[in-house]
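# Results of the structural survey
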Amino acid sequence: MVASEWDDETTAAGVAELDGQAGSARNATLTVLTGTATGQMFKVSHDLMIGRAPTASVRVDDDGVSRNHARIRFDEGCAWAEDLKSRNGTYVNGTRLSGTIKLADGDKIQVGRSTILRFAFQDALDESFHENLLSSALRDSLTKLFNKRYLMDRLDSELKFAQRHETALSLLMIDIDHFKKVNDTHGHLAGDAVLARLAGVLIKTVRNEDVVARFGGEEIAIVLRAINIDGAAQMGERVRRLVEQTETWVAGQELRATVSIGVACFPATPVKTPEALIEAADRALYRAKNAGRNRVSR
């Protein structure tokens, strides 16, 4: 056997082995391509319900989506799409469903006016690539918190949900006190360390369904679903105390920070837009600063 033949056969065998490994570990997934939840990926290992209902496995806040809009049924490694008598129908690759259809790799499912999901089989490498790509698009590189773009999209969908279902939605706006002084005295790397440390504290404090995002500079926002103004103020006070007790070490030097927090809540403040809710929380934040900082205001 000549070397080139041996290389070709060995390479082919290796590729076949890798393909087999990848194939055996492939998972069925749904990825949101367009809509308010763009980028989110859901594993299809059991039946999933798509809709606006709070209990939906894939919750889509789109005016054209019914509460229980469609179902993805998973059985023996195959996925089936079924419309649940929705008002505007469910479409697979542009065709409206009239019954149940078996999904193929790459099929696109449309629900409502603007939400399209892609069904696909992905192995661990595919999923890791997707997670890294999504992270770079939606998260702040320093703090690993969600970025402002994601915050605004999510706040918009959460506020619409709260308005429709008459539930509470609270927003905390958090600002590090005298942050410029930290940068001027200890340098920007020290300021970055303080900000990253604060982000870590906040992530561990909130619930899984809450959203923590870097709004800009040293300002961080927390979206609290189904929490009223009193509960949000209590959460703000808890955050304030934790930050005050947290130490950050930079080049052998201990740095401590405090935060001022503004709290706003729908429907206590009857806002109609995400921007109006942010403005209300910002006004409360300024009141906290003017009252001496290191406090919570609403």
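Higher on the page you've got the structure.
Residues numbered from 1 in each chain as written. Predicted model: local features only at pLDDT ≥ 70, side-chain atom pairs only at ≥ 80, totals over all residues. Heavy atoms only, no water.

### Quick notes on helix H6 (residues 229-245)
Keep this limit in mind: Helix and strand definitions follow DSSP, with helices as H or I runs of at least four residues and strands as E runs of at least two, each counted in order from the N terminus. In this scheme, a helix's expected span is set at 1.5 Å multiplied by one less than its residue total. To sort residues, take the accessible area from a 1.4 Å probe on protein chains only and compare it with the maximum for the residue type: under 20% means buried, over 50% means exposed, and anything in between is partly exposed. By arc we mean the arc of the directions from the helix axis to the C-beta atoms, nothing more.
Here H6 is 17 residues long and its end C-alpha atoms lie 24 Å apart, about the 24 Å a rise of 1.5 Å per residue gives. The set of residues buried in H6 consists of Ala232, Ala233, Met235, Gly236, Val239, Arg240 and Val243. Each buried residue of H6 lies within a common arc of 160° when the element is viewed along its axis, so the set occupies one face. The outward face of H6, more than 90 degrees from its buried face, is lined by the exposed residues Gln234 and Gln245.

### Here's the deal with the environment of alanine 257
Counted only if it meets this: Contact definition: two residues touch when any of their heavy atoms are within 4.5 Å.
Position of alanine 257 relative to the elements: it lies in the loop between strand S16 (253-256) and strand S17 (259-266). In the structure, alanine 257 is positioned 17 residues away from arginine 240 in sequence and 9.9 Å away in space, judged by C-alpha atoms. Filtering out sequence-adjacent residues up to four positions away, alanine 257 remains in contact with Ile176, Val194, Val243 and Glu244.

### Observations concerning the pairing of strand S1 (residues 27-34)
How we decide: Criterion used throughout: strands pair if DSSP finds at least two bridges between them.
Across seven bridges, S1 lies against strand S11 (residues 115-122) in antiparallel orientation. By the bridge assignment for S11, leucine 30 is matched with phenylalanine 119. In the sheet, S1 pairs with strand S2 (residues 41-43) via three bridges, with the strands oriented antiparallel. The residue of S2 that forms the bridge with threonine 29 is lysine 43.

### Re the packing of helix H4 (residues 179-186) against helix H5 (residues 188-205)
To be explicit about the condition: Comment: axis = line fitted to C-alpha atoms, over the contacting stretch for helices; angle = value between 0 and 180 degrees taken between N-to-C directions. For classification purposes, angles smaller than 35 degrees are called roughly parallel, those larger than 145 roughly antiparallel, those between 65 and 115 roughly perpendicular, and all remaining angles oblique. Any residue that is not Ala, Val, Leu, Ile, Met, Phe, Trp, Tyr, Cys, Pro, Asp, Glu, Lys or Arg is counted as polar, Gly included; the first ten are nonpolar and the last four charged.
The interhelical angle for the contact between H4 and H5, taken along N-to-C directions, is 140°, at an axis separation of 6 Å. Relative to H5, H4 is oriented oblique. Counted together, Phe179, Val182, Asn183 and His186 of H4 and His188, Ala190, Gly191, Val194 and Leu195 of H5 form the full contact between these two elements. Residues belonging to the contact of H4 with H5 are distributed by class as follows: five nonpolar, four polar and no charged.

### A look at the sheet that holds strand S18 (residues 296-297)
Strand order in this open sheet of five strands is S13-S14-S12-S17-S18, and the pairing throughout is mixed. The open sheet has two free edges, formed respectively by strand S13 (211-216) and S18, since each of these has just one partner strand. Bridging between strand S12 (residues 169-176) and S17 involves eight bridges; their strand directions are antiparallel. Within S17, the residue paired with aspartate 175 across the bridge is serine 260. Sheet contacts for helix H3 (residues 148-165): S12, S13, strand S14 (219-225) and S17; angle to S13, the most-contacted strand, approximately 130°. Where helix H7 (residues 274-290) meets the sheet, it contacts S12, S13, S14, S17 and S18, and its direction lies at approximately 145° from that of S17.

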